[in-house]
Amino acid sequence: MRPDSRATLDHLKAAGWSIGILSGDHEEIVNPIARQLDINPEFVHAGVLPEEKLQIIQQSTPEGLTVMVGDGVNDSAALAAASVGIAVHGGAEASLQVADVYLIVPA
């Protein structure tokens, strides 16, 4: 985790954004990170399949703007379904093809 992650997410929360995690990783990996970042457990989803990521994004989008950040093939459908999909440097080609934004230089 980047040293500035918590401050960045706190800034987004202060601006009114809800922050969540959609990860295929196991709970024992995802939950400690979510606690460190003070992410509401309601918005933390571990062990999710690509189809589940898509479903969660689709359910969230009607409520407002949804931004999805991802880097893998397993994120592609959710990136495409989000209001704004952001693929990150080093990501799989499939995620780059569907993203609205591609970050080429890690900040």
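Here, the structure is the one placed above.
A few points on the structure. Just so we're clear, the structure is a prediction, and the values are computed from it rather than from any experiment.

A short note on the pattern of salt bridges
Then, number 1: Taken as a whole, this structure holds four salt bridges when the rule is applied.
Then, number 2: With its nearest N and O atoms 3.1 Å apart, the salt bridge here joins Asp4 to Arg2.
Then, number 3: Given a relative accessible area of 34%, Asp4 falls into the partly exposed group.
Then, number 4: Residue class for Arg2 comes out partly exposed when judged on its relative accessible area of 42%.
Then, number 5: For Asp10, the salt bridge is made with Arg6, and the minimal N-O distance between the two is 3.2 Å. Taken together, the residues Asp10 and Arg6, both in helix 1 (residues 5-14) and four residues apart, mark about one turn of the helix.
Then, number 6: Classification of Arg6 as partly exposed rests on a relative accessible area of 36%.
Then, number 7: Through salt bridges with shared partners, a single ionic network connects Arg6, Asp10 and Asp38.

Focus on the sheet that holds strand 5 (residues 101-103)
Then, number 1: In space, the three strands of this open sheet follow the order 3-4-5, with parallel pairing throughout. Two strands bound the open sheet, and with one partner strand each, they are strand 3 (67-70) and strand 5. Each adjacent strand pair in this sheet contributes to an overall mean axis angle of 20°, direction not counted.

How each quantity is defined
For every chain, the first residue of its written sequence is number 1, and the numbers climb from 1 along that sequence. Reporting in this predicted model follows two pLDDT cut-offs: at least 70 for local features of residues, and 80 or more for side-chain atom pairs to be given and counted; totals over whole chains, interfaces and linings ignore these cut-offs and use all residues. The side-chain figures draw on all heavy atoms in the structure; neither hydrogens nor water molecules are used. Any carboxyl oxygen of Asp or Glu within 4 Å of a side-chain nitrogen of Lys or Arg constitutes a salt bridge here. Partly exposed describes any residue whose relative accessible area lies between the buried limit of under 20% and the exposed limit of over 50%, with all areas from a 1.4 Å probe on protein chains only and scaled to the type maximum. We count a stretch as a helix when DSSP gives it H or I for four or more residues in a row; a strand needs E for two or more, and each element gets its number in order from the N terminus. Here the rule is simple: two strands pair whenever DSSP picks up at least two bridges between them. Orientation is described by lines fitted to C-alpha atoms, with helices fitted over the stretch in contact, and by angles between N-to-C directions that extend from 0 to 180 degrees.

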